[in-house]
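Coordinate analysis (summary)
Here is how the chains run, residue by residue.
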Amino acid sequence: MQPSQNQDKAAKDSNNNFGQADEAEARDGPRVTDQHKQPRNGVTDSPQPGLLQAASRPKRTLREKIFHALPAYSGPYPVGYMEIELPAREPRHFSHIKRNHEYALKLDTVLFAVYYPSEPDEHEKYKKTTSTSSLSRPLWLPRPRLQTCKGYAKFLSIPHAPVTAYLGLTSMFTKLPALRNARLSGEWPYPSPTTGNEQESPLGDLGENNRSSKHGDDQTPPNQNQGQDHRNEKPKFPVIIFSHGLGGSRTMYSAVCGELASFGFVVIAMEHRDGSGARTFVNVKKRQPQKKSTITSHFNLFQKKSKTKSKKEKPYYMVDYLFPKDNAQDTSPHNTRGVDTELRGAQIEMRLAEIEEAYHFLEQIQSGHGQAMISDQNLRKAGSIGSSSEGLDGINWDDWKGRLYLENVTLMGHSFGGATTVQALRLKGSERDERFGWVGQGILLDTWGPAVPSNSSPGTIRSPVLSIGSEAFMHWTENFNRVRAICREAATAQANNSTSRSCCCWMTTIRGSTHLSQTDFAVLYPNWMSLLMKTIVNPRRAIALTVHSALEFLAVTLPGEQTNRFVKGAWVNEGLLLPRTRKNTGDSSSKIYYYHKPDDKWVAARLKIPNEFSLRLRTWWSALSDSDDPAVPRDASGKPLAGLVNWGAGNEIWVHLSPDSLDDSPDIIARR
């Protein structure tokens, strides 16, 4: 569906009205009042005394100093990492779709990575004894790396030689800023249980009301109980399950997943085998050889020698991206045939089954069966394709027993993973399906709206929802309307629920962002993202806005027992989800500009940058002069995160829907 003439006219009028103001912002940056000044570190004006700000990070290798590298995570926890592949409880196929005379969607095993808070002392030891340490940092490019590069080339429909050569030169040795198989942290994110420096809930009374309405009025943080010493109490961690988009993998979103883990979450990053990833390898258990009969043995003596050599069966098979038949570009906004609903619907069903399996294995870890049910069954070990030689060596599963919150688990997904999350939330809201009763809320990252199955079958979303979209997808009118309808579905259902005091639903857009801004590609290849996709926001700032928005949302929606000792002392509070209107703030955060709306043929793929050469020249000169522009955001270390345009604090995100504004704002009505 393309924008109508009326919509184009409205966009043109909006350009005329706001173009001059936005051009001024692009040239000089917005005026930043004292009320909305951007802190130098992007979070607070000064370090909080109670935070573990000095969390140890893995030492960067020489290759990473020369080539592309991922930045260290900014939370109070260092991050651990492990990979798990386990046989499915009920191997099966989904749909009748076949390729090469075999079922294309087969569930044999489940593969996922776990990002989790780890012990600081192991990271300190690793930094001092890198060459002799038993711990290692996982590679960003999944093994086997050469085959993975070829998979990306096939996904992009370009020759594999240049892709392999370029990735080999830039990211072949890139490693995650995490330690494989590190110990699960036994510390809280701040050292003293009574620091007196705890932060308030990011959204004030809304968070407290929401938590108390669902989980009782007594939400006193465990560290606030008088007469009790909780110094020896090990923390329990809330859980997030992440579903990747098309072409993704378990490491493609490590910037988001690892950052959340550094703030105290256990993040399960799925690697789906439904043909939505670029390339993945499925290890299978070796089958026991069947006993041959005497007659068969004698018969084989008369066979030719070449035929007696049976073809050795590989202990794995490869799954590449699955293009829809006769509709390969079903992801394009300009495709008149639309989405291949048969294939995408079947893929979502398989994805949901994989998520169910992953949750089951988390239950085994929680109940103390990690060694028997996880380590002993793990197929990602030395000798298996795509595996590290360490496997799960060094993991003490007793440390994991009873350390996870498996109620109110958060589902999070990007693009097609967002569509997967929507379907799971609808199944949770169905009275006929109880598979996802453990899901508490969903976070949608630039959701592919047309791929979401019809709302007529499973149920209605009744859970809190946060949608964080890109500006590129916001200009895709059909997608914007689909996602807005999903958010309003959740908001209306919660508003009509008499047991819920407040409606927790937000729909936001990160200004100047494109579809890949929430992936590691944007962080590793910022120049290509800027030149080809016309991304305007700094990629690292886009990741920070995504994670910080998620933290504010989860501080409101998760039960108090899961968040109090993290929110009040460790979690970032930039007030990104606070509703803003021109009437009560005077800023421009509620204005939706069309200054960067691309031409129709580039809708959803890229943005438009008027006067691009002069803008890039000014940005380059500003970087050389090292000007202390208050509109430029900074990371936790104080390093500037300048984009082509810097809007300043309070102007980086558009809030389309919020609990305080269920009705469409005038700006949303205008863009229809």
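Heads up: the structure comes first, above all this text.
Residues numbered from 1 in each chain as written. Predicted model: local features only at pLDDT ≥ 70, side-chain atom pairs only at ≥ 80, totals over all residues. Heavy atoms only, no water.

Okay, the sheet that holds strand 4 (residues 106-117) next. Strand order in the open sheet formed by 10 strands is 5-1-4-7-6-10-11-12-13-14, with mixed pairing between adjacent strands. Looking along the sheet, the strands with just one partner apiece sit at the ends: strand 5 (179-180) and strand 14 (653-657). When strand 1 (residues 79-93) meets strand 4, the two strands line up antiparallel, connected through 11 bridges. Along strand 4, the bridge assignment pairs Glu83 with Ala113. Here helix 10 (residues 341-366) sits on the sheet and contacts strand 1, strand 4, strand 6 (237-243), strand 7 (266-271) and strand 10 (404-414); the angle it forms with strand 4, its principal contact strand, is near 55°. Each of strand 11 (439-445), strand 12 (465-470), strand 13 (505-510) and strand 14 is contacted by helix 14 (residues 477-495), which is oriented at about 155° to strand 13, the strand it contacts most. (Pairing = 2+ DSSP bridges. Helix = DSSP H or I, 4+ residues; strand = E, 2+ residues; numbered from the N terminus. Contact = heavy atoms within 4.5 Å. Axes fitted to C-alpha atoms, helices over the stretch in contact; angles between N-to-C directions.)

Within the secondary structure, Pro464 sits in the loop between strand 11 and strand 12. For the pair Pro464 and Ile443, spaced 21 residues apart in sequence, the C-alpha separation works out to 8.6 Å. Sequence-distant contacts of Pro464, that is, excluding residues within four places in its chain, are made with Gly440, Gln441, Gly442, Gln494, Cys504, Phe553 and Thr557.

Here we take up unusual backbone geometry. Here the residue pair Arg143 and Pro144 is connected by a cis peptide bond, since its omega of -15° sits within 30 degrees of zero. Relative to the assigned elements, Pro144 resides in the loop between helix 3 (120-128) and helix 4 (145-156). With a phi angle near 70°, Ser95 is a residue other than glycine that sits in the positive phi range. Turning to its location among the elements, Ser95 is positioned in the loop between strand 1 and strand 2 (98-99). The class for Ser95 is partly exposed, based on a relative accessible area of 28%. A positive phi is found at Ser415, a non-glycine position, where the angle reads about 60°. By secondary structure assignment, the location of Ser415 is in the loop between strand 10 and helix 12 (416-428). (Buried < 20%, exposed > 50% of the residue type's maximum accessible area, 1.4 Å probe, protein only.)

It is worth spelling out the pairing of strand 13 at this point. Buried residues dominate strand 13, accounting for six of its six residues. Along strand 13, one buried face is formed by Cys505, Met507 and Thr509 and the opposite face, lined by Trp506, Thr508 and Ile510, is buried too. Pairing between strand 13 and strand 14: four bridges, direction antiparallel. Directly across from Ile510, in strand 14, lies its bridge partner Ile653.

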